[in-house]
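Structural overview
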Amino acid sequence: MKTFSIHLGILLFMFATSYSQTAKRITATDSVFTQKEQAALTPQLALDLLKEGNRRFVEQKATSKDFKQQVLQTSKGQYPMAILLSCVDSRTSSELVFDQGLGDIFNARIAGNFVNDDILGSMEFACKVAGSKLILIVGHTNCGAIKGACDNVELGNLTHVIKEIQPAVESVTNVHGERNSKNHDFVERVSKQNVLLAIKEIRDKSKILNEMEVSGAIKIVGAMYDLESGKVEFYK
């Protein structure tokens, strides 16, 4: 079967009668997003492409990539489809988890994947200036930063990080068992709440991004990566 590039698949999809189905991405070699392709993407299609990428990752069918060629093709410009906020955890690299290449996504990382002014500014740049169509907040199971917040850890500058996550800890109620890192259910509930609160902060604190979402120019979505299975659960 003849091999097609990722972006040829996207272009073919754009000429289809509906955007409701995921574009088929067979293999990725040296292709990168062009400005025209990025402009034609809908927020939903960008989300669907990430979902499809995670499916390939889980099934060990990741696309082949010519990184040297991608470096050359992105050297004079970039047109990523999305910006992802994820944790610094070494096991949660967004490019790997969602099977993306150079120039496909912006990737903001901070322990506990919480939102601050610097992250918000980066998201505004990615979407309003650079044309990305999706903001995806990605938490993960068994998160060390979340556990630290559940235990009220104080350690140097990490103390500030923990305080940023405390609102998620405090908002989780009706807990069965202890409210600490030994309670797995509590930790995972806090992790999800932390993602949902990050989405709320984006909408509340960035007029630019809120207006873009209301107008349909972007989507803001939450997700949780499972360290054991490699699967990403997406929140509606």
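Residues numbered from 1 in each chain as written. Predicted model: local features only at pLDDT ≥ 70, side-chain atom pairs only at ≥ 80, totals over all residues. Heavy atoms only, no water.

1. Comments concerning the packing of helix H6 (residues 117-129) against helix H10 (residues 207-215)
Definition in use: Axis definition: a line fit to C-alpha positions, over the contact stretch in the case of helices; interaxial angles, taken between N-to-C directions, run 0 to 180 degrees. What counts as a helix is a DSSP run of H or I of at least four residues, what counts as a strand is a run of E of at least two, and both are numbered from the N terminus. Angle categories are assigned with fixed cut-offs, so that under 35 degrees is roughly parallel, over 145 is roughly antiparallel, 65 to 115 is roughly perpendicular, and the rest are oblique. By definition, turning the near helix anticlockwise from the far helix through less than a right angle yields a left-handed crossing, and turning it clockwise yields a right-handed one. For this analysis, residues touch if any pair of their heavy atoms sits within 4.5 Å. As a working rule, the residues Ala, Val, Leu, Ile, Met, Phe, Trp, Tyr, Cys and Pro are called nonpolar, Asp, Glu, Lys and Arg charged, and the rest polar, with Gly in that last group.
Interaxial distance between H6 and H10 falls to 9 Å at its minimum, and their mutual angle equals 40°. Between H6 and H10, the interaxial angle falls into the category oblique. Remark: the crossing between H6 and H10 carries left-handed chirality. Here Leu120, Met123, Glu124, Cys127 and Lys128 of H6 come into contact with H10, specifically with Ile208, Leu209 and Met212. Partitioning the contact of H6 with H10 into residue classes produces six nonpolar, no polar and two charged.

2. Concerning the nonpolar core
The nonpolar side chains of a soluble globular protein tend to be buried with one another. Test applied: Take the buried Ala, Val, Leu, Ile, Met, Phe, Trp, Tyr and Cys residues and link them wherever side-chain atoms come within 4.5 Å; each set so joined is a nonpolar core. Summary of the burial criterion: residues with accessible area below 20% of their type's maximum are buried, those above 50% are exposed, and those between are partly exposed, where the area comes from a 1.4 Å probe applied to protein chains only.
Counting 42 residues, the largest nonpolar core has Leu85, Met123, Ile135, Ile137, Val190, Ile202 and Leu209 as the members making the most contacts within it. With seven residues, the top contributor of residues to this core is helix H9 (residues 184-205). Apart from the residues within four sequence positions on either side, Ile137 is in contact with Leu85, Asn113, Met123, Val195, Ala198, Ile199, Ile202, Val221, Gly222 and Ala223. Leu50, Val97, Phe98 and Val232 belong to the second-largest nonpolar core, a separate cluster that totals 21 residues.

3. Considering the packing of aromatic side chains
Under the convention used in this document: Two rings from Phe, Tyr or Trp (for Trp, the six-membered ring) form a pair when their centres are within 6.5 Å of each other. A pair whose planes differ by under 30 degrees is stacked, one over 60 is edge-to-face, and the rest are tilted.
Evaluation of the coordinates by the stated rule reveals two aromatic pairs. For the ring pair Phe106 and Phe125, a centre distance of 5.9 Å and an interplane angle of 70° mean the geometry is edge-to-face. Of this pair, Phe106 sits in strand E2 (residues 105-109) while Phe125 sits in helix H6, placing them 19 residues apart in sequence. Residue Phe106 is classed as buried on the basis of its relative accessible area of 14%.

4. Thoughts on the pattern of salt bridges
Note the cut-off: Note on definitions: salt bridges are taken to be side-chain nitrogens of Lys or Arg within 4 Å of carboxyl oxygens of Asp or Glu.
Throughout the structure, instances matching the rule amount to nine salt bridges. Residue Arg55 is joined to Glu59 by a salt bridge in which the shortest nitrogen-to-oxygen separation is 2.5 Å. When its relative accessible area of 38% is taken as the criterion, Glu59 is described as partly exposed. Ionic pairing is found between Arg203 and Glu213, a salt bridge with its closest N-O pair at 2.8 Å. In this pair, Arg203 is assigned in helix H9 and Glu213 in helix H10, connecting sequence segments 10 residues apart. Three or more residues joined by partner-sharing salt bridges are found here, namely Glu52, Arg55, Glu59 and Lys61.

5. A short note on unusual backbone geometry
A positive phi angle is found at Asn142, which is not glycine, with a value near 55°. Among the secondary structure elements, Asn142 is positioned in the loop between strand E3 (134-140) and helix H7 (144-150). Despite not being glycine, Asn174 has its phi angle at roughly 50°, a positive value. Looking at the secondary structure, you find Asn174 in the loop between helix H8 (158-171) and H9.

6. A look at the pairing of strand E1 (residues 82-86)
Here is the rule we go by: Two strands are said to pair when DSSP picks up at least two bridges between them.
Where burial is concerned, most of E1 is hidden: five out of the five residues are buried. The side-chain alternation of E1 yields two buried faces, one formed by Ala82, Leu84 and Ser86 and the other by Ile83 and Leu85. Of the pairings in the sheet, the one linking E1 to E2 comprises five bridges and is parallel in character. Paired with Leu84 across the two strands is Asn107, which belongs to E2. In terms of strand pairing, E1 meets E3 through five bridges, oriented parallel. Bridge assignment links Leu85 to a residue of E3, and that residue is Ile137.

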